Amino acid sequence: DDATDVIGLLDGDTQEAVLGQLDVDRRERIEFLLKFSPDSAAGMMDLNYVTVDKDQGFEEVARLVRRYEARTGRFPTVFVTDDDEVLGELPGHTLAWVGHGLAEITEHLRPTPTVRYAQPNSEVIEVFRANPQSKIVVLDEDDSILGVIYADDLLRAIEEEAGQTLYE
(Lines give C-alpha, C1' and ligand atoms only; values in the text may rest on other atoms or scores of the structure.)
Protein backbone atom coordinates (compact mmCIF):
# COMPACT_ATOMS: atom_id res chain seq x y z
CA ASP A 1 0.00 0.00 0.00
CA ASP A 2 2.95 2.36 0.52
CA ALA A 3 4.03 1.83 -3.09
CA THR A 4 0.47 2.55 -4.19
CA ASP A 5 0.51 5.84 -2.26
CA VAL A 6 3.71 6.94 -4.00
CA ILE A 7 2.69 5.76 -7.48
CA GLY A 8 -0.71 7.43 -7.03
CA LEU A 9 1.06 10.82 -6.89
CA LEU A 10 2.62 10.34 -10.34
CA ASP A 11 1.13 11.42 -13.66
CA GLY A 12 -0.32 8.71 -15.93
CA ASP A 13 2.73 8.22 -18.19
CA THR A 14 5.12 8.03 -15.25
CA GLN A 15 2.80 5.60 -13.46
CA GLU A 16 2.81 3.31 -16.48
CA ALA A 17 6.60 3.50 -16.77
CA VAL A 18 7.08 2.60 -13.10
CA LEU A 19 4.44 -0.15 -13.17
CA GLY A 20 6.09 -1.62 -16.27
CA GLN A 21 9.26 -2.20 -14.24
CA LEU A 22 7.50 -4.32 -11.60
CA ASP A 23 6.91 -8.06 -11.57
CA VAL A 24 3.41 -9.17 -12.59
CA ASP A 25 2.16 -9.89 -9.05
CA ARG A 26 3.20 -6.50 -7.66
CA ARG A 27 1.91 -4.66 -10.70
CA GLU A 28 -1.52 -6.33 -10.45
CA ARG A 29 -1.78 -5.57 -6.72
CA ILE A 30 -0.84 -1.92 -7.17
CA GLU A 31 -3.15 -1.47 -10.16
CA PHE A 32 -5.98 -2.97 -8.08
CA LEU A 33 -5.32 -0.60 -5.17
CA LEU A 34 -5.06 2.44 -7.48
CA LYS A 35 -8.72 1.93 -8.44
CA PHE A 36 -9.85 3.15 -5.01
CA SER A 37 -9.98 6.63 -3.52
CA PRO A 38 -6.94 7.27 -1.31
CA ASP A 39 -9.31 8.90 1.21
CA SER A 40 -11.34 5.71 1.73
CA ALA A 41 -10.91 2.48 3.66
CA ALA A 42 -9.81 0.76 0.44
CA GLY A 43 -7.24 3.51 -0.09
CA MET A 44 -5.59 2.54 3.21
CA MET A 45 -5.93 -1.22 2.86
CA ASP A 46 -3.20 -3.75 2.34
CA LEU A 47 -3.47 -7.03 0.45
CA ASN A 48 -0.98 -8.94 2.60
CA TYR A 49 -3.04 -11.48 4.50
CA VAL A 50 -4.34 -15.05 4.15
CA THR A 51 -7.99 -16.08 4.27
CA VAL A 52 -9.01 -19.61 5.22
CA ASP A 53 -12.42 -21.21 5.64
CA LYS A 54 -13.28 -22.63 9.07
CA ASP A 55 -13.72 -26.07 7.49
CA GLN A 56 -10.22 -26.20 6.00
CA GLY A 57 -7.83 -28.73 7.45
CA PHE A 58 -4.53 -27.99 9.13
CA GLU A 59 -2.51 -29.23 6.15
CA GLU A 60 -4.19 -26.76 3.78
CA VAL A 61 -3.78 -23.86 6.22
CA ALA A 62 -0.12 -24.77 6.76
CA ARG A 63 0.43 -24.87 2.98
CA LEU A 64 -1.08 -21.38 2.57
CA VAL A 65 1.03 -20.02 5.45
CA ARG A 66 4.24 -21.55 4.02
CA ARG A 67 3.48 -20.14 0.56
CA TYR A 68 2.91 -16.67 2.04
CA GLU A 69 6.11 -16.89 4.09
CA ALA A 70 8.11 -17.97 1.03
CA ARG A 71 6.79 -14.98 -0.91
CA THR A 72 7.15 -12.32 1.80
CA GLY A 73 9.54 -13.67 4.42
CA ARG A 74 6.93 -12.99 7.14
CA PHE A 75 4.23 -14.93 8.96
CA PRO A 76 0.85 -13.85 7.58
CA THR A 77 -2.18 -12.39 9.24
CA VAL A 78 -4.72 -15.21 8.92
CA PHE A 79 -8.46 -14.48 8.81
CA VAL A 80 -10.95 -17.31 9.25
CA THR A 81 -14.25 -17.13 7.37
CA ASP A 82 -17.45 -19.13 7.21
CA ASP A 83 -18.25 -18.84 3.51
CA ASP A 84 -17.69 -15.08 3.17
CA GLU A 85 -18.51 -14.09 6.76
CA VAL A 86 -15.44 -13.00 8.73
CA LEU A 87 -15.21 -14.97 11.98
CA GLY A 88 -11.98 -13.36 13.19
CA GLU A 89 -8.22 -13.44 13.10
CA LEU A 90 -6.38 -16.69 13.80
CA PRO A 91 -3.37 -15.92 16.01
CA GLY A 92 -0.28 -17.79 14.83
CA HIS A 93 0.23 -19.60 18.12
CA THR A 94 -3.32 -20.97 17.88
CA LEU A 95 -2.33 -23.07 14.85
CA ALA A 96 -0.60 -25.41 17.30
CA TRP A 97 -4.04 -26.34 18.67
CA VAL A 98 -5.48 -27.27 15.32
CA GLY A 99 -6.15 -30.97 14.94
CA HIS A 100 -7.94 -31.72 11.70
CA GLY A 101 -9.80 -28.47 11.07
CA LEU A 102 -10.24 -24.89 12.20
CA ALA A 103 -13.87 -25.35 13.29
CA GLU A 104 -12.73 -26.70 16.65
CA ILE A 105 -10.84 -23.53 17.60
CA THR A 106 -13.18 -20.77 16.43
CA GLU A 107 -13.73 -19.69 20.04
CA HIS A 108 -10.03 -18.70 20.15
CA LEU A 109 -10.25 -16.31 17.20
CA ARG A 110 -9.60 -12.63 17.78
CA PRO A 111 -12.64 -10.56 16.86
CA THR A 112 -11.75 -8.15 14.09
CA PRO A 113 -13.67 -4.96 13.35
CA THR A 114 -14.83 -4.44 9.77
CA VAL A 115 -15.52 -1.47 7.50
CA ARG A 116 -16.85 -1.09 3.96
CA TYR A 117 -14.31 -0.28 1.27
CA ALA A 118 -15.86 3.12 0.44
CA GLN A 119 -16.04 4.43 4.01
CA PRO A 120 -14.08 7.67 4.42
CA ASN A 121 -10.86 7.69 6.42
CA SER A 122 -12.51 9.65 9.24
CA GLU A 123 -15.04 6.84 9.81
CA VAL A 124 -12.32 4.18 9.65
CA ILE A 125 -10.35 6.09 12.28
CA GLU A 126 -13.44 6.17 14.52
CA VAL A 127 -13.81 2.37 14.18
CA PHE A 128 -10.14 2.02 15.15
CA ARG A 129 -10.58 4.30 18.17
CA ALA A 130 -13.62 2.31 19.31
CA ASN A 131 -11.79 -1.01 18.72
CA PRO A 132 -8.10 -0.44 19.34
CA GLN A 133 -7.17 -3.63 17.53
CA SER A 134 -4.05 -3.98 15.45
CA LYS A 135 -6.05 -4.21 12.22
CA ILE A 136 -9.42 -3.67 10.53
CA VAL A 137 -10.88 -5.87 7.80
CA VAL A 138 -12.15 -4.08 4.66
CA LEU A 139 -15.25 -5.67 3.11
CA ASP A 140 -16.69 -5.34 -0.37
CA GLU A 141 -20.41 -5.20 -1.29
CA ASP A 142 -21.01 -8.91 -0.67
CA ASP A 143 -19.24 -8.94 2.74
CA SER A 144 -16.17 -10.80 1.50
CA ILE A 145 -12.72 -9.62 2.54
CA LEU A 146 -11.22 -7.11 0.15
CA GLY A 147 -8.20 -6.14 2.24
CA VAL A 148 -6.90 -5.29 5.69
CA ILE A 149 -5.83 -2.04 7.30
CA TYR A 150 -2.93 -2.38 9.72
CA ALA A 151 -2.40 -0.19 12.78
CA ASP A 152 0.61 1.64 11.30
CA ASP A 153 -1.54 2.86 8.38
CA LEU A 154 -4.30 3.87 10.80
CA LEU A 155 -1.86 5.76 12.99
CA ARG A 156 -0.49 7.57 9.93
CA ALA A 157 -4.07 8.58 8.97
CA ILE A 158 -4.68 9.83 12.53
CA GLU A 159 -1.49 11.93 12.34
CA GLU A 160 -2.55 13.36 8.97
CA GLU A 161 -6.01 14.18 10.36
CA ALA A 162 -4.43 15.94 13.36
CA GLY A 163 -2.08 17.87 11.05
CA GLN A 164 -4.97 19.02 8.86
CA THR A 165 -6.87 20.17 11.95
CA LEU A 166 -3.91 22.36 12.96
CA TYR A 167 -3.92 24.13 9.60
CA GLU A 168 -7.67 24.81 9.52
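Since the model is a prediction, treat every value here as computed from it, not as a measurement.

The next point concerns the sheet that holds strand E2 (residues 78–82). The strand order across the open sheet built from three strands is E1-E2-E3, with neighbouring strands paired in mixed fashion. The sheet is open, and its two edges are formed by strand E1 (50–53) and strand E3 (85–90), each paired on a single side. If you compare each strand with its neighbour and ignore which way they point, the axes differ by 30° on average. Pairing analysis gives five bridges linking E2 to E3, with the strands arranged antiparallel. Bridging from a neighbouring strand, Thr 81 pairs with Val 86 of E3.

Okay, unusual backbone geometry next. Excluding glycine, a negative phi dihedral is what most residues carry, and trans is how most peptide bonds are arranged. Look at Asp 83: it is not a glycine, yet its phi comes out positive at around 60°. Within the secondary structure, Asp 83 sits in the loop between E2 and E3. According to the relative accessible area criterion, Asp 83 is exposed, its value standing at 63%.

With that settled, the discussion passes to the pairing of E2. If a strand is regular, its side chains alternate between the two faces of the sheet. A large share of E2 lies buried, amounting to four of its five residues. Here four bridges tie E1 to E2, and the two strands are oriented parallel to one another. Counterpart to Asp 53 in the pairing with E2 is Thr 81. The parallel pair E1 and E2 is bridged by helix H5 (residues 58–72), and the resulting crossover is right-handed. Remark: two residues form the turn of the hairpin made by E2 and E3, two consecutive strands paired antiparallel; Asp 83 in that turn has positive phi of roughly 60°.

Applying the stated rule across the entire model yields two aromatic pairs. Summarising the aromatic geometry, the rings of Phe 36 and Tyr 117 are spaced 5.9 Å apart at their centres and angled 65° between planes, so their arrangement reads as edge-to-face. In this pair, Phe 36 sits in the loop between helix H3 (24–34) and helix H4 (41–44) while Tyr 117 sits in the loop between strand E4 (114–116) and helix H6 (121–130), placing the two residues 81 residues apart along the sequence.

Let us now look at the confidence of the model for the chain. Residue-level pLDDT values for the chain average 82, and 88% of them are 70 or greater. Within the chain, helix H1 (residues 2–8) has the poorest average pLDDT of any element, 70, and E4 the best, 95.

The next point concerns the environment of Arg 110. Of note, Arg 110 is situated in the loop between E3 and E4. Using a relative accessible area of 37% as the deciding quantity, one classes Arg 110 as partly exposed. The spacing of Arg 110 and Phe 79 is 31 residues in sequence and 9.2 Å in space, taken between C-alpha atoms. Setting aside residues no more than four positions away along its own chain, Arg 110 makes contact with Gly 88, Glu 89, Pro 91 and His 93.

Analysis parameters
Residues numbered from 1 in each chain as written. Predicted model: local features only at pLDDT ≥ 70, side-chain atom pairs only at ≥ 80, totals over all residues. Heavy atoms only, no water. Pairing = 2+ DSSP bridges. Helix = DSSP H or I, 4+ residues; strand = E, 2+ residues; numbered from the N terminus. Axes fitted to C-alpha atoms, helices over the stretch in contact; angles between N-to-C directions. Buried < 20%, exposed > 50% of the residue type's maximum accessible area, 1.4 Å probe, protein only. Right-handed = clockwise from strand over helix to strand, strands pointing away. Phe/Tyr/Trp six-rings, centres within 6.5 Å; stacked < 30°, edge-to-face > 60°. pLDDT = per-residue confidence, 0-100. Contact = heavy atoms within 4.5 Å.

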